[in-house]
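Structural characterization, general
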Amino acid sequence: MQSYAHGGDGPPLLGLTVSGVLDEAAARWPDKDALIVVDQQIRWTWNELRDRARALAAGLLSTGLHPGDRIGMLAPNRAEWLLAQFGSAYAGLILVNVNPAYRAPELEYALNKVGCRALITETQFKSSDYIAMMQTLAPELAASTSGDLYAHGLPELRVVIQLGKKAVPGMFSLDDVMRQADVESLQRLDEIAAQSDFDAPINIQFTSGTTGAPKAATLTHHNMINNALMSAAILDFSCKDRLCIPVPMYHCFGMVLGTLLCATTGAAIVFPGAAFEAEATLQAIEAESCTALHGVPTMFIAVLDEPEFEKYDLSSLRTGIMAGAPCPTELMQRVIEDMHMSEITIGYGMTETGPLSTQTSPRDSVERRVGTVGRALPHTEIKIVDEEGHIVAPDVAGELCVRGYNVMLGYWGDPERTAEDIDTSRWIRTGDVATMDENGYLRIVGRSKDMLIRGGENVYPREIENFLYTNPKINQVEVIGVPDPRFGEEIAACIQLQEGEQATEEEIRNYCRGKLAHFKIPRYVRFVDEFPMTVTGKVQKFILRERLTKELEQAFRTSQLKRAAT
Ligand code: AMP
């Protein structure tokens with residue numbers, strides 16, 4: 001026996017494009033709910049969603065865009081996200097997901113890395129003023145004609161579209177773009193559809209890497225649609241289901257396992273709000289009688305810990321996916337018992353695999369459903385290998401590799417980094433350490449990649465270290481993750497200052513503000529005189545992690561004792 005498994009047959013793979021999936025949904029379920037956005041008070045049927053997406057597509061072509069151009073989407077979960085997702089597909093454009101928490105330097109990198117010719121942007125959200133960010137990156141905007149930008153810092157960007165009815169100088173408003181659709185441009189969409197290839201790239205998402213600079217994972221129609229379809233089959237999804245989606249749309253979890261999964265089955269999409277909030281999620285489930293809920297573990301923890309949790313009627317819930325980070329057994333048990341989610345499943349995957357590779361089934365034993373990440377999805381192969389690349393025996397830990405229809409094309413413009421991760425037989429290395437039992441059930445036991453997951457967001461220490469090295473006071477910095485009950489992991493920066501320099505924790509955090517997305521800013525900063533090293537001169541991050549974890553546990557116990565004494 002070896003740690004190799006094939007997921008076997010499921011539904012046949014679909015040879016459709018993303019726009020083809022929406023056409024089919026509109027034909028099969030024209031008047032059924034497609035999208036409900038609670039805080040925007042929006043309710044569209046599949047027909048309405050299709051018509052609006054086509055109007056946007058036609059409008060996008062009239063701004064001078066051509067099939068194959070990249071178009072960025074910078075917004076939290078709004079109805080317009082679906083218009084961008086399907087509208088770009090009808091126009092033959094490649095959608096580029098931009099994390100709405102990005103700060104200006106991160107946005108600039110993303111747009112230039114894949115040569116975005118257009119960007120759709122929200123006006124502002126939480127602490128982000130996206131218009132100001134764009135005006136800083138492209139000061140030429142204010143004096144330029146909409147659709148004809150030439151900016152030194154964003155050389156390939158021509159078209160900027162602001163969500164809503166109005167736009168600042170140099171940008172189009174989304175409403176205006178949609179109004180530009182005419183009979184001729186709508187006909188052009190049919191020609192584009194006739195020429196579309198389901199193996200062509202349709203979406204780009206950024207995942208960082210151990211080298212620090214984010215990589216642009218490029219996915220095809222085939223990757224995403226079939227991943228949604230296989231997962232839907234495991235969840236027994238149908239047009240009777242209503243899926244609550246608090247996970248972000250800029251990630252595959254939202255746009256593949258959320259919206260595309262619903263589009264392939266006719267289930268309704270329910271957005272409780274622009275970004276995750278526990279109370280809004282509970283309200284949406286009750287008000288919209290949701291049958292399913294997706295989330296990363298920290299979201300389920302926050303929902304269960306919501307003070308008014310008992311008040312809500314969650315009896316409509318049945319299933320959903322918990323994924324994105326280790327899913328603790330006790331949490332799964334609470335979700336099954338307290339949230340009525342008797343058919344909840346655990347999924348494991350990564351952006352580069354569209355995203356899911358394995359999933360538990362509601363028909364698995366409870367032990368397997370709470371203690372493993374399931375088996376390979378249909379039409380997918382998995383294997384676990386040792387350092388020489390040889391497949392290991394069952395129950396032996398090694399690096400997990402995946403092969404199948406779900407493996408991305410590669411990293412945009414980065415053949416070398418693609419070749420580092422995908423071998424000539426099309427196996428992709430996941431950087432996750434796993435074991436497989438004799439029945440093909442997988443357990444994720446660690447990571448070989450230097451990555452931590454804070455509240456579902458992947459954080460690559462190298463990226464933060466590289467940024468902190470731009471601070472002249474810092475001689476050496478090592479970023480690590482420490483356990484955290486709320487976020488799973490928290491970020492800590494251990495810093496050795498240059499001789500004679502002084503700094504405070506707050507000063508270091510302030511240095512990051514405005515330049516790094518909030519979730520990458522170290523919660524803990526510790527100054528050290530020297531680092532623990534191996535004999536070969538490598539920093540032993542695990543020792544730093546152990547020390548800080550002990551210190552934090554000690555501080556927690558002391559604060560509890562103090563609280564008990566008062
Ligand atoms: P992303 O590319 O953002 O989807 O992140 C992928 C990474 O998240 C994987 O390589 C894993 O390290 C981690 N991950 C995803 N799902 C799980 C899971 N169910 N259990 C443990 N880790 C997970």
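Residues numbered from 1 in each chain as written. Predicted model: local features only at pLDDT ≥ 70, side-chain atom pairs only at ≥ 80, totals over all residues. Heavy atoms only, no water.

This part covers the domain arrangement of the protein. For the protein, the assigned domains read domain 1 (18–29 + 46–220) and domain 2 (452–565). Just the C-alpha atoms count here: the centres of domain 1 and domain 2 sit 36 Å apart. Taken together, the 13 residues of domain 1 in the interface contact 12 residues of domain 2. Both sides of the domain 1 and domain 2 interface together cover about 930 Å² of buried area, and 52% of this is carbon and sulfur. Put simply, domain 1 and domain 2 have 1 salt bridge between them. The partner of Lys-520 in a salt bridge is Glu-106, and the shortest N-O contact between them spans 2.5 Å. Inspection of the domain 1/domain 2 interface yields 2 residue pairs in polar contact (both at pLDDT 80 or more). (Domains from an automatic or database assignment. Contact = heavy atoms within 4.5 Å. Buried area = accessible area lost by both parts, 1.4 Å probe. Salt bridge = Lys/Arg side-chain N within 4 Å of Asp/Glu carboxyl O. Polar contact = N/O pair within 3.5 Å; in protein donor to acceptor, adjacent residues only side chain to side chain.)

Bringing unusual backbone geometry into the picture now. Residue Pro-355 is reached from Gly-354 by a cis peptide bond, and omega for that bond is 0°. Along the chain, the position of Pro-355 falls in the loop between strand S17 (343–349) and strand S18 (356–359). Although it is not a glycine, Gln-41 sits at a positive phi angle of roughly 50°. Take Gln-41: its relative accessible area is 75%, and that puts it in the exposed class. (Helix = DSSP H or I, 4+ residues; strand = E, 2+ residues; numbered from the N terminus. Buried < 20%, exposed > 50% of the residue type's maximum accessible area, 1.4 Å probe, protein only.)

This part is about the sheet that holds strand S29 (residues 524–527). Taken together, 3 strands build an open sheet; the order of strands is S27-S28-S29 and the sheet is mixed. In this open sheet, the two strands that pair with only one neighbour each are strand S27 (474–484) and S29. Neighbour-to-neighbour, the strand axes of this sheet turn through a mean angle of 25°, independent of strand direction. As paired strands, S27 and strand S28 (residues 488–497) are joined by 10 bridges and run antiparallel to one another. Considered in S28, the bridge of Pro-483 is made with Glu-489. The sheet contacts of helix H15 (residues 461–468) involve S27 and S28, and relative to S27 the element is tilted by about 145°. (Pairing = 2+ DSSP bridges. Axes fitted to C-alpha atoms, helices over the stretch in contact; angles between N-to-C directions.)

In the vicinity of the ligand, 17 residues are found, and the nearest of them are Gly-347, Thr-351, Asp-432, Lys-449 and Asn-458. Within the side chain of Asp-432, an N or O atom sits 2.5 Å from an oxygen atom of the ligand. A distance of 2.6 Å separates an oxygen atom of the ligand from a polar side-chain atom of Lys-449. Summarising the interface, the protein chains cover 94% of the accessible area of the ligand, which totals 500 Å² for the free molecule. (Near = heavy atom within 4 Å. Areas by Shrake-Rupley, 256 points an atom, 1.4 Å probe, with all protein chains shown as cover.)

Tallied over the full model, the rule gives 2 aromatic pairs. A centroid spacing of 5.3 Å and a plane angle of 35° characterise the contact between Phe-467 and Tyr-511, whose relative ring orientation is tilted. Here Phe-467 is found in helix H15, whereas its partner Tyr-511 is found in helix H16 (residues 505–512), with 44 residues between them in sequence. In this structure Phe-467 comes out as buried when scored by relative accessible area, which is 14%. The exposure class assigned to Tyr-511 is partly exposed, which follows from its relative accessible area of 22%. Residue placement shows Arg-54 over the ring face of Tyr-90; its charged tip is 5.7 Å from the ring centre. One Lys or Arg, Lys-515, reaches over the ring of Tyr-511 and ends 5.0 Å from the middle of that ring. (Phe/Tyr/Trp six-rings, centres within 6.5 Å; stacked < 30°, edge-to-face > 60°. Lys NZ or Arg CZ within 6 Å of the ring centre and 35° of its normal.)

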